[in-house]
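Results of the structural survey
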Amino acid sequence: MTRRVCCLLAAGCAAGAEMKREVILATMNQVRRGARLRPLQFEKRLQKAAQFKADDMVRVGYFSHTGIDGKKPWDLVEEAGYAYAKVAENLAEGQQTPEALRDAWMESPAHRENVLEKRFVHTGIGIARRGARYVVVQVFAAPAVREEN
């Protein structure tokens, strides 16, 4: 079985077990706690962007940070209405459990960097199926700081 992982970062602007976003988040937050970082919190606009991306990749048939329409992860985050200081996206396909997903991302330096980025406080996780395979998208973000007038 081929397993793919991919990640992208933008600054400034038990086998067969069902994947569940709450379990994925708990698994990733366990890693963050081990690194003495605050846990990520679900954010509904990031959730919308991540789920759209997972569904789109399965529906259209691609595996990339850039959609067929040319949109990047930060475009989807902006379209969902989230103002960010920093945003990143991890993609995976083929892992069948949250633990296998965690292991794959933690073995990849770029994915690991996203999971352990201390500025990230919000996340959204999208899960879709391509046949028997899971496609998982995790969007990470730090909110934009608004200046007081």
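Residues numbered from 1 in each chain as written. Predicted model: local features only at pLDDT ≥ 70, side-chain atom pairs only at ≥ 80, totals over all residues. Heavy atoms only, no water.

Attention now moves to helix H1 (residues 21-34). Helix length check: H1 (14 residues) gives 20 Å between terminal C-alpha atoms against 20 Å at 1.5 Å per residue, within 8%. For H1, the set of buried residues is Ile24, Leu25, Thr27, Met28, Asn29, Val31 and Arg32. Here the buried face of H1 lies against strand S2 (41-42), helix H4 (98-107), helix H5 (109-115), strand S4 (122-130) and strand S5 (133-143). Following H1 by one or two positions, Arg36 adopts a phi angle in the positive range, close to 60°. (Helix = DSSP H or I, 4+ residues; strand = E, 2+ residues; numbered from the N terminus. Expected span 1.5 Å × (residues − 1). Buried < 20%, exposed > 50% of the residue type's maximum accessible area, 1.4 Å probe, protein only. Contact = heavy atoms within 4.5 Å.)

By the secondary structure assignment, Lys118 is in the loop between H5 and S4. Leave out the neighbours within four places in its chain, and Lys118 touches Arg32, Leu37 and Arg38.

The next point concerns the packing of H1 against H4. It is at 9 Å that the axes of H1 and H4 come closest, and there the two elements cross at 45°. Between H1 and H4, the crossing angle belongs to the class labelled oblique. Considering only the axes of H1 and H4, their crossing is right-handed. On the side of H1, the interface is formed by Val23, Ile24, Thr27, Met28, Gln30 and Val31, while H4 contributes Pro98, Leu101, Arg102, Trp105 and Met106. The residue inventory of the contact of H1 with H4, partitioned by class, reads 8 nonpolar, 2 polar and 1 charged. (Axes fitted to C-alpha atoms, helices over the stretch in contact; angles between N-to-C directions. Parallel < 35°, antiparallel > 145°, perpendicular 65-115°, else oblique. Left-handed = near helix turned anticlockwise from the far one by under 90°. Nonpolar A, V, L, I, M, F, W, Y, C, P; charged D, E, K, R; others polar.)

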